Amino acid sequence: MKKQKIHIEKELKCKSSNIIWPLLSTPEGLMKWIADDVKRDGDQLTFRWGELWTRHEIRTAEVREEVKGERIRFVWDDDDDKEAFWELGLEWSDITGDFILLITDFAYDEDLDSLSDIWDQNLEQLHMNTGL
């Protein structure tokens, strides 16, 4: 079974990609809104949710494409769907003069709602920790 692509757009009240880009592309930035801990070794990233001494989850992803200031694409190492990825991107809005965060991800039909909920929680965490 093939996964379905989802797109999420979130207007960020920010006019500087120099502020936003590190939140999308560095372990320190990703820890502010995606995972509790992120380590990067070259193109390999290790994400951890939860504390090591209690219930936790660890997943690894590879950076497949990175265009600085524009987008970064990740592929989970354990994903069965070889066409699936998740991508964080930036787009400038001429209307508002702010950046828009573009999220692309994939999920099976039965997981679409829970994946949307996860991204909603991540975006809420981003706002709480950065004000964006």
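Rules used in this analysis
Every residue gets a number counted from 1 within its own chain, in the order that chain's sequence is written. With the structure being a predicted model, the display of local features is reserved for residues of pLDDT at least 70 and the display and counting of side-chain atom pairs for 80 or more, all residues being used for whole-chain, interface and lining totals. Side-chain metrics in this entry use all non-hydrogen atoms of the structure; hydrogen atoms and water are not considered. Starting at the N terminus, helices and strands are each numbered in turn, a helix being any DSSP run of H or I of at least four residues and a strand any DSSP run of E of at least two. Note on method: radius of gyration uses C-alpha positions; expected globular size equals 2.2 Å times residues raised to 0.38. Here, residues are in contact when the closest pair of their heavy atoms is within 4.5 Å. Every accessible area reported is derived by Shrake-Rupley at a probe size of 1.4 Å, with residue values counting cover from the shown protein chains alone. Think of it this way: Lys and Arg go in the positive column, Asp and Glu in the negative one, and His and the chain ends go nowhere. Working definition for charges: the position is that of NZ of Lys, CZ of Arg, CG of Asp or CD of Glu. Each residue is placed in one exposure class: buried if its accessible area under a 1.4 Å probe, protein chains only, is under 20% of its type's maximum, exposed if it is over 50%, and partly exposed if it falls in between. In protein, a polar contact requires one atom able to donate a hydrogen and another able to accept it; more generally it is a pair of N or O atoms within 3.5 Å, and residues adjacent in sequence count only if both atoms are side-chain atoms. A pair of strands is labelled paired if DSSP reports no fewer than 2 bridges between them. In this description, a nonpolar core means a group of buried Ala, Val, Leu, Ile, Met, Phe, Trp, Tyr and Cys residues linked to one another through side-chain atoms lying within 4.5 Å. Between the rings of Phe, Tyr and Trp (Trp by its six-membered ring), a pair exists once the centres lie within 6.5 Å; its type follows the angle of the planes, with under 30 degrees stacked, over 60 edge-to-face, and the other angles tilted. To sit over a ring, a charge needs its Lys NZ or Arg CZ within 6 Å of the ring centre and within 35 degrees of the ring normal.

Chemist: Describe the overall build of the protein chain, and please don't skip the residues or the numbers.
Modeler: Scanning the protein chain from N- to C-terminus turns up 3 helices and 7 strands. Ordered by position from the N terminus, the helices and strands of the protein chain form the series β-α-α-β-β-β-β-β-β-α. Relative to the globule expectation of 14 Å for 132 residues, the C-alpha radius of gyration of the protein chain, 15 Å, shows essentially globular dimensions. Viewed in the frame of its principal axes, the protein chain has a C-alpha envelope of about 40 × 35 × 25 Å. In the protein chain, the share of contacts with a sequence separation of at least 24, taken over all contacts with a separation of at least 6, comes to 46%. Surface accessibility of the protein chain: about 7900 Å² in total, with carbon and sulfur atoms responsible for 47%. Considering the protein chain, the positive charge centre built from 17 side chains and the negative charge centre built from 31 side chains are found 3 Å apart.

Chemist: Mind laying out the side chain of Ser93, listing which residues take part and the relevant values?
Modeler: Tracing the sequence through the fold places Ser93 in the loop between strand E6 (86-92) and strand E7 (99-107). On the basis of relative accessible area, Ser93 is assigned to the buried category, the value being 11%. Only 3.2 Å separates the side chain of Ser93 from the backbone nitrogen of Thr96, close enough to count as a polar contact. The residues contacting Ser93, other than those within four sequence positions of it, are Asp98 and Ile100.

Chemist: How would you summarise the pairing of E6 if you had to cite specific residues and measurements?
Modeler: Taken across its 7 residues, E6 has 5 buried, putting it largely inside the fold. Bridge count for strand E5 (residues 71-76) against E6 is 4 bridges, and the pairing is antiparallel. What sits directly across from Phe74, in E6, is Trp86. Both E6 and E7 contribute to a ladder of 6 bridges, which runs antiparallel. Opposite Trp92, over in E7, you have Phe99 as the bridge partner. Taking the residues that link successive antiparallel strands as the turn, the E6-E7 hairpin has 6 residues, and the phi of Gly97 there is positive, at about 75°.

Chemist: Please give an account of the nonpolar core that cites residues and values.
Modeler: In this structure, Leu30, Trp33, Phe47, Phe74, Leu88 and Trp119 are the most contacted members of the largest nonpolar core, which totals 32 residues. When contributions to this core are tallied by element, the ones reaching two or more residues are strand E1 (4-12), helix H1 (17-25), strand E3 (44-49), strand E4 (57-67), E5, E6, E7 and helix H3 (112-130). With residues near it in sequence (within four places) discarded, Trp119 still touches Ile6, Ile8, Trp33, Ile34, Trp86, Leu88, Ile103 and Asp105.

Chemist: A description of the packing of aromatic side chains should follow, citing residues and the corresponding values.
Modeler: We describe a pair of aromatic rings using the distance from one ring centre to the other and the angle between the two ring planes. Going through the model one piece at a time under the given rule, you end up with 11 aromatic pairs. Geometrically, the ring pair formed by Phe85 and Phe106 is edge-to-face, given 4.9 Å between the ring centres and 65° between the ring planes. Of the two residues, Phe85 is situated in the loop between E5 and E6 and Phe106 in strand E7; the sequence distance between them amounts to 21 residues. Each member of the pair, Phe85 as well as Phe106, carries the same accessibility label: buried. Sitting over the ring of Trp76, Arg59 keeps its end group 4.1 Å from the ring centre. Sitting over the face of the ring of Phe85, Arg73 holds its NZ or CZ atom 3.7 Å from the ring centroid.

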